[in-house]
Amino acid sequence: MIELLAATTSSLTSIPLGITQEGNWFLQNAWLIPLIPALSFVGILFFGKRLPRGGSELGIAALLAVFLLSICTGFAWMDHRDNFHGEEISQTIINGEHGEHGEHGEHGEHGEHGEHGEHGEHGEPSLAVVNTATWFVTGGVEFSVGTLVDGPAVMMLFVVTLVSLLVHIYSTDYVAGDRRFTHFFAFLSLFSASMLLLVISENTLQLLVSWELVGLCSFALIGHWWEEKDNSNAALKAFLTNRVGDMGLLIGVTILFFASGEMIPDSFGSFSIATTNTLASSGLLSHSTLLIAACCLMAAVMSKSGQFFLHTWLPDAMAGPTPVSALIHAATMVVAGVFMIARLYGVFFEGFSIGGSSINLMALVGGFTTLVGACLAFVQRDIKKVLAYSTISQLGYMVMALGVGAWTAAMFHLFTHAFFKACLFLGSGSVAHSVHSFDMKSDMGGLRKVMPQTYRTFIIGSIALAGLPPFAGFWSKDEILVGTGGWGIMGGTNGNGSYTFMLVMGMITAALTAAYMTRCVYLTFFGEFRGHGNPHESGPRITIPLWILAVLAVFAGFLNLPKGFQLVPESLQERFGHYVEPVAGYFPKISHATPSWSLAIISTIIVVAGISLAWNYYFVKVEKASKESGQSLTELPDGLTTRLTIARMGHTLLVNKYYLDHLYTGIITRAVKEPIAELTYRSNQEILDRTVDTVGRTAVRVGQLNYHKIDQKIVDGFVNASGRISSDSGEELRKIQSGKVQSYAAILFAAATILAGLLIVIV
Amino acid sequence: MDNLLDSWGLTVATFSPLVGALVMFLIPKEKEYEHKIIALVTSLWVAFVGFMLLIWFDLDATEKLQYVVDKSWIDAIHSRYVVGLDGISLPLLLLTVLIVPLCIVYSWNHFPDPKNPKTFLILILVLETGMIGTFVAQDMVLFFVFFEVVLLPMFFMIAVWGGPNRKYASLKFFLYTLFGSALMLVSFLSLFFLTGAESFVFSEIADNVVAHTVSRTAQLWIFGGMFLGFGIKVPMFPFHTWLPDAHTEAPTVGSVILAAVLLKLGTYGFVRIAIPLLPDAAVEWAPWIGLLAVIGIIYGAFCCLAQTDMKRLIAFSSVAHMGFVMLGISTLTDFGINAAIMGMVAHGLITGMLFFLAGSMKERYHTLEIKRLGGLLVQAPKMGWILGFCAMASLGLPGLAGFWGEFPAILSAYNPANGLPVETFRTFMVIAALGTVLAAGYLLWLLQRSAFGTPKEEFAEDPNIYDTTKTEWIAWAPLLALILAIGIYPNLVFRATDAAVDASLTPCLTIDADKSTHEEIESAHCSEVYGLSDHGPDDHTASKG
């Protein structure tokens with residue numbers, strides 16, 4: 001037995017992590033990127049009000065600087081990805097009884113970093129550049145802070161800095177003259193800093209810290225106009241819902257910390273993302289541990305990335321200023337959950353057994369969310385709410401993609417979605433800026449004539465979102481559908497499994513998305529103007545960012561043309577995937593689906609069908625009814641909901657958001673706030689406190705009784721414990737009290753001595 | 001300088017406040033200004049000594065007692081005057097010497113009724129002696145004396161300068177904690193007699209516990225006595241009922257000192273005395289301590305949600321926060337106890353700050369009834385911001401000090417020390433994590449109702465509601481800066497505590513059974529309490545499988 005133990009514990013092996021410490025200057029010094037906006041936050045906070053433009057110039061300068069830095073980092077990474085031949089870092093691990101499994105767990109394949117000859121399905125290895133410094137030491141374990149720069153990190157740096165920069169510029173016009181202009185820009189800077197810190201986090205602890213910091217900024221910016229109760233309610237709801245999910249994050253991170261620690265000699269835990277992922281991907285961590293950790297982390301994803309059933313905060317978050325909705329609640333922060341899955345993909349891939357299965361929790365949550373969100377988008381009057389539910393739906397797409405193993409597709413969709421959704425949100429802001437309302441039904445309509453720039457960019461964004469070729473959304477959505485594995489009739493696509501169910505959900509959502517965006521476009525830009533005043537086109541600081549995003553919404557899709565797409569040379573295919581997807585020890589071995597023409601054609605037909613149906617209803621029927629009635633209608637007077645009971649019921653269900661808000665706010669929160677808290681407090685006062693009082697009083701009574709009988713002279717010392725002291729003056733009180741206190745003390749110490757004696761005698 | 005500090009530093013730090021108090025005692029009550037100056041100078045002097053102690057402290061050997069003075073004191077009862085400072089005491093000592101001058105500055109212009117700055121300040125200084133003494137004492141009797149010295153000044157502070165229900169609250173505070181102290185004394189005495197030690201010095205008692213093997217039952221009972229004594233002071237559920245009353249009735253400065261330092265005496269007692277001296281008993285008691293800790297977390301949070309008074313809400317939040325500290329302690333791991341000390345410091349800074357804020361708001365609104373507050377950010381924006389900052393810190397936002405007390409405590413509960421039931425502690429972990437959600441709930445609701453929105457009609461035009469004053473800034477700025485600094489760089493605290501905590505735990509608790517060979521485990525000579533002897537290869541497999 002002893003020999004066996006010795007054998008299992010003493011053998012140490014090392015496992016390559018797929019990371020390196022070398023790399024060029026930009027990759028080594030990525031920590032500057034979050035630091036600059038952080039400094040700008042401090043600067044704006046303390047000096048912003050004194051600056052001529054209220055601090056906005058500081059924010060814009062900082063963002064411009066980090067945007068340029070991010071671009072440089074991006075190019076540096078591309079060079080590094082293709083030409084780097086440096087040394088790979090390995091982690092020494094305890095090679096226990098899992099050793100054999102680990103051996104053929106095919107991590108050895110990339111172990112020898114010198115071998116660049118192999119061009120398998122996964123291509124040449126890409127070594128992430130890691131740079132760490134000690135943050136603190138507790139329990140003898142060193143906790144580090146650092147940067148992990150690899151494909152997904154570089155991609156996110158680009159997206160975050162670009163959208164943030166555009167939103168900064170847009171905001172100088174949009175929130176001009178606001179009562180808290182400076183405060184707004186300060187928090188935009190803090191948000192950018194936290195988000196950038198999040199995407200280059202080297203370890204899960206750092207991830208957790210920045211994760212909560214972006215939540216704080218979201219809270220502060222949703223509640224920007226906190227004078228109104230509704231806004232502060234929305235802010236609280238966002239923060240508290242996210243806290244519920246964060247519980248999962250806290251626990252999940254803890255589990256992974258100790259799970260990886262078990263494999264590392266001389267340490268009981270590790271937060272390192274690379275180490276954890278490597279151990280998970282190579283099958284060295286137990287499956288059940290990973291499953292539990294993945295489920296916990298999933299809760300965090302559900303709250304942060306608005307997945308069903310923790311999504312309810314996201315539509316309410318639209319109470320914040322529109323640029324915030326575009327930046328935080330569409331393009332960047334809400335994808336933090338998706339990014340976290342992508343970051344810890346080894347854990348999720350193994351934990352949920354994504355490869356070779358046909359259903360799992362993540363794919364299911366994502367798939368369900370896309371449908372739920374898309375349905376809700378149909379019944380909204382508020383243009384921002386349409387977009388918010390659309391965001392939920394698209395985030396569901398991304399999570400579903402990760403759930404079926406289509407990692408690159410998910411990241412690519414995140415990338416394209418950031419542009420077209422930011423474009424749409426900023427467009428809706430531009431509209432609202434001129435009509436002073438977000439209500440499509442009562443205050444919009446016919447705006448295409450007066451706001452041509454906004455109209456055009458909004459249309460481009462909508463088509464990209466709906467996913468018509470060749471706009472960006474088409475390519476990324478198509479990759480996700482391909483990634484599900486397809487189904488028999490259309491030829492399997494050799495994905496990680498056969499997630500037919502997810503494919504169906506994705507297809508239905510595609511149709512729904514096309515339809516609700518058609519509705520939204522009609523209600524906003526077509527028909528006759530239903531609002532008041534004279535709407536006008538917004539200024540250049542609003543329209544220029546819109547056009548930049550619109551251009552990206554058209555062209556971003558070409559970055560990842562599918563492999564085997566005959567119309568372009570091979571060197572232009574899958575560029576995004578090549579540079580973004582890690583091929584390294586810390587990333588699981590996923591298989592890639594083969595693109596399929598038939599799937600692309602079918603999905604396009606479905607999208608066109610969705611548009612046509614909505615077109616037929618709004619652009620034909622409603623338009624006709626409007627002309628007949630002489631006013632600008634928003635729906636048919638005798639539509640389905642008035643004619644069919646079941647349709648009306650469905651509509652009511654949607655309008656009430658599946659009654660989830662009633663459940664959370666009306667039942668759960670109220671139960672906690674009122675009966676449960678009251679009951680606890682009541683029991684505190686009536687049971688615990690009363691016991692103490694009773695004990696005190698009884699003791700005093702017993703004492704009084706004794707002293708009365710034993711010695712009449714000492715009676716005065718004891719008074720009722722509740723205290724019947726007549727004087728308020730300090731000096732007098734002091735005399736009385738101290739006299740009493742002395743007696744108490746004397747008695748207690750006497751008792752203590754006796755008790756001590758007893759204890760010694762007894763035990 | 002170095003030498004002087006070595007032999008006199010701690011003694012000077014401990015007794016200077018007493019000297020200051022004596023001087024003030026001789027000056028007539030009418031000379032208020034002189035009193036304030038003397039008190040401030042004394043406390044600043046102590047803070048300076050504390051700072052020098054930090055400068056000359058050898059941070060590479062925090063596990064060693066430094067500045068040790070060992071003199072005979074009361075020979076008749078074998079008690080010695082032994083003081084020393086190690087990494088566990090250092091952060092708490094510094095917290096104390098920081099808080100006291102800030103309290104004196106804060107009360108500069110507004111002493112609560114019935115005024116009388118002389119007595120008030122004397123009491124604060126006496127308190128300071130007691131608090132510092134407790135943190136540096138290395139002898140049980142000395143520790144006990146200082147521990148008790150603290151009681152009286154606080155009692156008077158509440159009883160004389162407190163709110164309407166002050167008599168009840170002060171007496172309850174006094175008797176309840178005295179009751180605990182009595183049991184603690186019983187434990188100290190019996191431990192001394194049972195071990196047959198030559199003195200009450202901690203290290204000697206500890207050696208004797210190991211050598212003379214005090215019977216298991218006796219150890220358990222003795223630990224139980226200490227548990228009650230320290231647990232009441234912490235306060236742990238269900239012994240916490242004195243706390244909300246004491247806090248609610250105490251004057252602002254009293255609440256601040258109570259929250260910032262006094263509650264830590266209890267947790268410090270666990271870390272300094274109960275666990276290092278009786279590790280075997282600690283293992284048996286730990287699950288129960290952990291259970292009470294997590295009940296306290298949830299229970300305190302629920303009570304907070306039911307409060308209608310801001311100050312009382314903050315008081316109950318202390319119950320919840322100290323629950324996290326006790327959870328960290330109950331894991332008996334280096335990691336958990338480090339988290340606990342961090343939690344103590346963070347809670348001291350943050351809750352102290354919250355009580356300051358409550359005091360200042362009370363001064364402006366003349367009420368702390370949450371219903372009537374609102375729109376603080378409109379009328380006093382800076383103060384509103386500070387309240388928001390402190391609420392965020394208190395709910396454990398990463399980047400601020402509170403987080404480093406909470407999260408590591410949760411983390412440590414996942415993997416408690418040898419001999420503790422792992423599943424139980426993991427359940428505790430989940431419950432504690434739930435507590436973070438509730439904490440966000442009550443703090444943000446408080447923030448929403450008091451700071452957001454528009455001011456209520458009755459206060460809308462009130463000129464009394466002015467923004468933060470200069471005195472307030474002076475008193476608060478150091479606390480705010482420290483909350484942020486520790487939040488960003490937690491090593492400020494961990495650097496001091498880590499080695500010291502590790503040294504205070506027996507190897508039996510800390511040895512990694514999974515990775516050590518059988519021989520290594522054997523050589524540690526651990527009794528069966530730790531469940532190490534049956535850690536064969538089978539367990540090794542099971543733990544990973």
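Residues numbered from 1 in each chain as written. Chains lettered and ligands numbered in written order. Predicted model: local features only at pLDDT ≥ 70, side-chain atom pairs only at ≥ 80, totals over all residues.

Caption draft 1: Expanded view of the overall build of chain B. Tallying secondary structure elements over chain B gives 24 helices and 2 strands in all. Its C-alpha atoms give chain B a radius of gyration of 23 Å, within 12% of the compact-globule value 24 Å for 545 residues. Expressed as lengths along the three principal axes of its C-alpha atoms, the size of chain B is roughly 75 × 55 × 40 Å. Pairs at least 24 residues apart make up 78% of the contacts formed inside chain B by residues separated by at least 6 positions. (Helix = DSSP H or I, 4+ residues; strand = E, 2+ residues; numbered from the N terminus. Rg over C-alpha atoms; globule rule 2.2 N^0.38 Å. Contact = placed C-beta atoms within 7 Å.)

Caption draft 2: Structural detail: the pairing of strand 3 (residues 128–138) of chain A. All names here are of chain A. Pairing geometry for strand 1 (residues 12–20) and strand 3, over 2 bridges, is parallel. When the sheet's bridge partners are listed, isoleucine 19 is paired in strand 3 with alanine 128. Here 9 bridges tie strand 3 to strand 4 (residues 141–149), and the two strands are oriented antiparallel to one another. When the bridges of strand 4 are listed, asparagine 131 appears paired with threonine 147. (Pairing = 2+ DSSP bridges.)

Caption draft 3: Representation of the environment of Thr691(A) within the structure. Here Thr691(A) lies in helix 28 (residues 660–710). In the structure, Thr691(A) is positioned 303 residues away from Ala388(A) in sequence and 53 Å away in space, judged by C-alpha atoms.

Caption draft 4: Representation of the sheet that holds strand 3 of chain A within the structure. Residues and elements named next belong to chain A. In spatial order, the strands read 2-1-3-4; together these 4 strands make up an open sheet with mixed pairing. Here the strands that pair on one side only, and so sit at the sheet edges, are strand 2 (89–94) and strand 4. Within the sheet, the average angular offset between the axes of one strand and its neighbour, ignoring direction, is 40°. Sheet topology places strand 1 next to strand 2; 6 bridges connect them, and they run antiparallel. When the sheet's bridge partners are listed, leucine 12 is paired in strand 2 with isoleucine 94. (Axes fitted to C-alpha atoms, helices over the stretch in contact; angles between N-to-C directions.)

Caption draft 5: Inspection of the confidence of the model for chain A at higher detail. Residues and elements named next belong to chain A. Chain-level statistics for chain A give a pLDDT mean of 80 and a share of 85% at 70 or above. Model confidence for chain A, summarised as mean pLDDT per element, is weakest for helix 5 (residues 99–103) at 38 and strongest for helix 14 (residues 336–343) at 92. The model gives residues 1–9 a pLDDT under 50, and that stretch makes 17 contacts with residues more than four places away or in other chains. Across residues 711–737, confidence stays below pLDDT 50; counting only partners more than four residues off in sequence or on other chains, it has 35 contacts. (pLDDT = per-residue confidence, 0-100.)

Caption draft 6: Up close: unusual backbone geometry. Between Val234(B) and Pro235(B) the backbone carries a cis peptide bond, its omega angle lying at -10°. In this fold, Pro235(B) is placed in the loop between helix 9 (216–233) and helix 10 (242–249). Across the junction of Phe237(B) and Pro238(B), the peptide omega takes the value 0°, indicating a cis bond. Secondary-structure assignment places Pro238(B) in the loop between helix 9 and helix 10. Notably, His436(A) is not glycine yet its phi reads approximately 60°, a positive angle. Here His436(A) is to be found in the loop between helix 18 (407–435) and helix 19 (440–443). Since 11 C-beta atoms lie within 10 Å of it, His436(A) is described here as exposed. For Leu332(B), which is not a glycine, the phi torsion comes out positive at approximately 60°. As for its placement among the helices and strands, Leu332(B) is situated in the loop between helix 13 (310–330) and helix 14 (334–365). We classify Leu332(B) as buried; it has 27 C-beta atoms within 10 Å. (Buried ≥ 20, exposed ≤ 12 C-beta atoms within 10 Å, placed from the backbone.)

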